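Now for the letters of each chain:
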Amino acid sequence: MTKTQGAASLPLNQILRGDCIDAMDSLPAASIDLIFADPPYNLQLKGALHRPDNSQVDAVDDAWDQFSSFSAYDQFTRAWLKAARRVLKPDGAIWVIGSYHNIFRVGTALQDAGFWILNDVVWRKTNPMPNFKGKRLTNAHETMIWAGRDEGSKYTFNYDALKALNEGVQMRSDWTLPICSGHEREKDKDGNKAHPTQKPQSLLHRVLVGTTRPGDVVLDPFFGSGTTGAVAKMLGRDFIGCERDESYITVAERRLARVRKLDKSALEVTQSKRAEPRVPFGQLVERGMLRPGEKLVNARGQIAKVRADGTLVADQLTGSIHQVGAALDGAPSCNGWTYWSFTREGQKVPIDILRQQIRAEMR
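Residues numbered from 1 in each chain as written. Predicted model: local features only at pLDDT ≥ 70, side-chain atom pairs only at ≥ 80, totals over all residues. Heavy atoms only, no water.

In the nomenclature of an unreviewed UniProt entry, the chain corresponds to Methyltransferase from the organism Palleronia pontilimi. Under Catalytic activity (unreviewed entry), UniProt gives the following word-for-word description of the chain: "a 2'-deoxyadenosine in DNA + S-adenosyl-L-methionine = an N(6)-methyl-2'-deoxyadenosine in DNA + S-adenosyl-L-homocysteine + H(+)". What the UniProt record of the chain gives under Sequence similarities (unreviewed entry) is the line "Belongs to the N(4)/N(6)-methyltransferase family." (UniProt positions renumbered as here; feature names shortened; annotations may be inferred.)

Right under this line is the structure:
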């Protein structure tokens, strides 16, 4: 499946084999809406880790997480971030996740590359791995950095959708979610966990619902077991993955084959009022929903009359529904749509009801 981007095309819903920088360099510039990156953490492990019963912990000791020095890691980080920024659309954004081993170095590289940091989000794990040696605090969180491609990027942020996910309360920058475990963990052919750092579906669900729209293209340069692709597919987003380890690709492809996209109605999320189409108050007058000369009333019983050009007059004050409301209250501003009501069959009805009727027709 491909999507046309001018003369070029994107390998949508595919895993690109090989080095992520080479893979990103093969994509057209300014073609990606969002990047979610889970790069190597450079854990710098020194020897095996054992539990109190002397059993060995299956820690991250893979070659892909090993770098000869901080300088080598920084060079790698700058290289993949440069490739990532090239493929992002001007209003695109990136999420990068890491731990105390690497996230501070990644944050510096992000800013040096020209990205504009929007938030850092603390993922607090409800079930973290204990500190078996008892020499440090239990490492119970990871940090994600959310950044726009540029300082002026008009990035996607579904504020009201995240608020709805959080029981009507504004979403904070500390997210309490469990690590990937149990049935959610992908297994290899021998029944062992297929990837040592598989991220939970809940984490990607929140990221994609909050910062993408259906039909957006999401790129994951370090695809691993395919969590980003699986959640993107389920939520009606297109994905592109980059992965060089064939064993991880096998697991991810098997996983993606099981995923079914949600139906269109289930993909809808709560829209921000700011994203709704603008309706001038005068349009209500033009369409006869309110008549010139009709009276509007505020909560204190003060009255204003509607004029033919969509302005109001009250106590020798004239202006828009917002200006007259603010003047009556002696306030610097006013939302006239929620301030004024009209009367129908003896009942007060907010004028915003009429605006919503017009918006429904627009949709």
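Next comes the rest of the account.
(A) Representation of the overall build of the chain within the structure. Summing up its helical and strand segments, the chain has twelve helices and 16 strands in all. Here the chain holds 363 residues, and 44% of them are scored as buried. By sequence separation, contacts in the chain at least 24 residues apart represent 67% of the contacts at least 6 residues apart. Surface accessibility of the chain: about 19,300 Å² in total, with carbon and sulfur atoms responsible for 49%. (Helix = DSSP H or I, 4+ residues; strand = E, 2+ residues; numbered from the N terminus. Buried < 20%, exposed > 50% of the residue type's maximum accessible area, 1.4 Å probe, protein only. Contact = heavy atoms within 4.5 Å. Areas by Shrake-Rupley, 256 points an atom, 1.4 Å probe, with all protein chains shown as cover.)

(B) Region of interest: the sheet that holds strand 3 (residues 14-17). Sheet architecture is open: eight strands sit in the order 3-10-9-4-5-7-6-8, paired in mixed fashion. The open sheet has two edge strands, strand 3 and strand 8 (174-177), and neither has a second partner. Looking at each pair of strands side by side, their axes are set apart by 20° on average, direction ignored. Bridge count for strand 6 (residues 116-125) against strand 7 (residues 141-148) is eight bridges, and the pairing is antiparallel. For Arg-124, the partnering residue across the bridge sits in strand 7 and is His-141. (Pairing = 2+ DSSP bridges. Axes fitted to C-alpha atoms, helices over the stretch in contact; angles between N-to-C directions.)

(C) Main features of the pairing of strand 6. Sheet topology note: the strand 6/strand 8 ladder contains four bridges and is parallel. Bridging from a neighbouring strand, Arg-124 pairs with Thr-176 of strand 8.

(D) Seen up close, the nonpolar core. Within the largest apolar cluster, 35 residues are counted, with the highest numbers of intra-cluster contacts made by Trp-95, Met-144, Trp-175, Leu-203, Val-207 and Leu-208. Looking at which element gives the most residues to this core, the answer is helix 5 (residues 201-211), with five residues. If sequence neighbours within four positions are ignored, Val-207 has contacts with Leu-34, Phe-36, Trp-95, Met-144, Trp-175 and Thr-212. (Core = buried A, V, L, I, M, F, W, Y, C linked by side-chain atoms within 4.5 Å.)

(E) A look at the state of the cysteines. On inspection of all chains with the given rule, the structure shows zero disulfides. Cys-20 takes part in no disulfide bond, and the closest cysteine sulfur to it belongs to Cys-242, at a distance of 6.2 Å. Judged by its relative accessible area of 6%, Cys-20 is buried. (Disulfide = S-S within 2.5 Å.)

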